[in-house]
Amino acid sequence: MARLNTFFLSPDEWPDAVGDTVVLSGPEARHMGTILRTGPDRTVRLFDGQGRDGLFKVVDVRKNRAEVTAVELAEHPAPQAGMTLAIGWGKSKRRDYLLEKVVELGGDGVIFWQAARSQGSLPDDPKETWTEKYVQAAKQCGAVHLPFLESVSGPAALIEKAAGFDRCYLAWEAEEATMSLSPAMLSKGRTLVVIGPEGGFDPDEARRFLDAGFSPVTLGSSILRWETAAAYCLSLAMYGKQDR
């Protein structure tokens, strides 16, 4: 069976039952009608990013509007275990790559935090374009849950967030980090892994995390770029889930 074209529908617009008709507008409608040239009576897949997806029959398509009717609807429970990445903020064109990999490799979410060596200032709130990258990646890989996105002002705020996780690790390049991060360490419960910005952790900053109970871990002998470190952690976590 050929893979169905997939489109995103906002959770607050999700239909209540099979037979309900909903309307896509803006970029998703243009993608359906103008780019993919999807005509009436075609079957497409929609998802809302919060665990719901389904098959829909196209009723009408115009340039900025598409009307579809629900044929099959499904709900998928959120995973009970997952890893969140806390990444030191930096001006980087590689951020889009990170957001794609978080979705494709099943990450729970991303927390950007203002580090001592951050390049530039972290926005107060996640940007809409970041979520759009999530959506595009989910459409490509078939994910039904979009990871969460948050921004926090610095180590103190991140340490406060850490109270909601079962385990917290600090991916650190210092000699004190002798324990290697492994799939088994990321396969149960909610895990937070903190990665520094491009310039690494400030020593006093790292000490604050250690004093707060974060366990230092190494990602190997190579000095990794932050997005490479993130992808490595995501791959370990995905392998850990599959190996359970």
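Everything quoted here is computed from the prediction, not taken from an experiment.

## Some thoughts on the side chain of Asp53
Mapped onto the fold, Asp53 is located in strand β4 (residues 52-61). Judged by its relative accessible area of 12%, Asp53 falls in the buried class. Within the structure, the side chain of Asp53 is placed 2.9 Å from the side chain of His76, a separation counted as a polar contact. Apart from the residues lying within four places of it in its own chain, the contact partners of Asp53 are Trp14, Arg45, Leu46, Phe47, Glu72, Leu73, Ala74, His76 and Val144.

## Here's the deal with the environment of Leu236
You can see Leu236 is positioned in helix α6 (residues 226-242). Taking C-alpha positions, Leu236 is 21 Å from Gly200, a pair spaced 36 residues apart along the chain. Residues in contact with Leu236, not counting those within four places in the same chain, are Leu181, Ser182, Pro183 and Leu186.

## A closer look at α6
For α6, with 17 residues, the first-to-last C-alpha span of 25 Å sits near the 24 Å given by 1.5 Å per residue. Every buried residue of α6 is accounted for by Trp226, Glu227, Ala229, Ala230, Ala231, Cys233, Leu234, Leu236, Ala237 and Gly240. Check the buried side of α6 and you find it contacts β6 (82-88), α2 (95-104) and β10 (190-195).

## With respect to empty space enclosed by the protein
The gaps of empty space that remain are located by a probe, the size of a water molecule, rolled over the atoms. Under the counting rule described, the total for this entry stands at one cavity of 30 Å³ or more. The calculated volume of the largest cavity comes to roughly 40 Å³. Looking at the largest cavity, the residues that line it are Met83, Leu105, Gly106, Gly107, Leu234, Ala237, Met238 and Lys241. The element best represented in the lining of the largest cavity is α6, accounting for four residues. Split by residue class, the lining of the largest cavity holds five nonpolar, two polar and one charged.

## A short note on the nonpolar core
In terms of nonpolar packing, the biggest core is built from 36 residues, with Leu85, Phe112, Leu181, Val193 and Ile195 touching the most fellow members. Listing elements by their share of this core, those giving two or more residues are β6, α2, β7 (109-113), α3 (128-141), β9 (167-171), β10 and α6. Discounting chain neighbours no more than four positions away, the residues touching Leu181 are Tyr169, Leu186, Val217, Thr218, Leu219, Cys233 and Leu236. Trp113, Ala115, Cys168 and Leu192 belong to the second-largest nonpolar core, a separate cluster that totals 19 residues.

## A word on the side chain of Glu205
Position of Glu205 relative to the elements: it lies in helix α5 (residues 203-211). The buried charged residue Glu205 lacks any salt bridge partner; its closest oppositely charged side chain belongs to Arg117, at an N-O distance of 6.4 Å. Reaching out from Glu205, the side chain makes a polar contact with the backbone nitrogen of Ala116 at a distance of 2.7 Å. If we skip the residues at most four places from it in the chain, Glu205 touches Trp113, Ala115, Ala116 and Pro155.

## So, the environment of Glu100
Within the secondary structure layout, Glu100 lies in helix α2. Each C-alpha atom of the pair Glu100 and Arg3 lies 20 Å from the other, and the pair is 97 residues apart in sequence.

## Some details on unusual backbone geometry
The phi torsion of most residues other than glycine is negative, and most of the peptide bonds are trans. Backbone geometry places Arg37, a non-glycine residue, at a positive phi of 50°. Topologically, Arg37 is positioned in the loop between α1 (26-35) and β3 (43-47). A positive phi angle, close to 75°, is found at Asp41, a residue other than glycine. Here Asp41 is to be found in the loop between α1 and β3. For Asp41, a relative accessible area of 57% gives the class exposed.

What counts, and where the lines are drawn
Residues numbered from 1 in each chain as written. Predicted model: local features only at pLDDT ≥ 70, side-chain atom pairs only at ≥ 80, totals over all residues. Heavy atoms only, no water. Helix = DSSP H or I, 4+ residues; strand = E, 2+ residues; numbered from the N terminus. Buried < 20%, exposed > 50% of the residue type's maximum accessible area, 1.4 Å probe, protein only. Polar contact = N/O pair within 3.5 Å; in protein donor to acceptor, adjacent residues only side chain to side chain. Contact = heavy atoms within 4.5 Å. Expected span 1.5 Å × (residues − 1). 1 Å grid on protein atoms, 1.4 Å probe; cavity = no way out; pocket = protein on both sides within 12 Å on 5 of 7 lines; lining within 4 Å. Points joined across faces, edges and corners; volume = space filled by probe spheres on them. Nonpolar A, V, L, I, M, F, W, Y, C, P; charged D, E, K, R; others polar. Core = buried A, V, L, I, M, F, W, Y, C linked by side-chain atoms within 4.5 Å. Lys, Arg positive; Asp, Glu negative; His and termini not counted. Salt bridge = Lys/Arg side-chain N within 4 Å of Asp/Glu carboxyl O.

Read these as layout, nothing more, since geometry by itself doesn't imply function.
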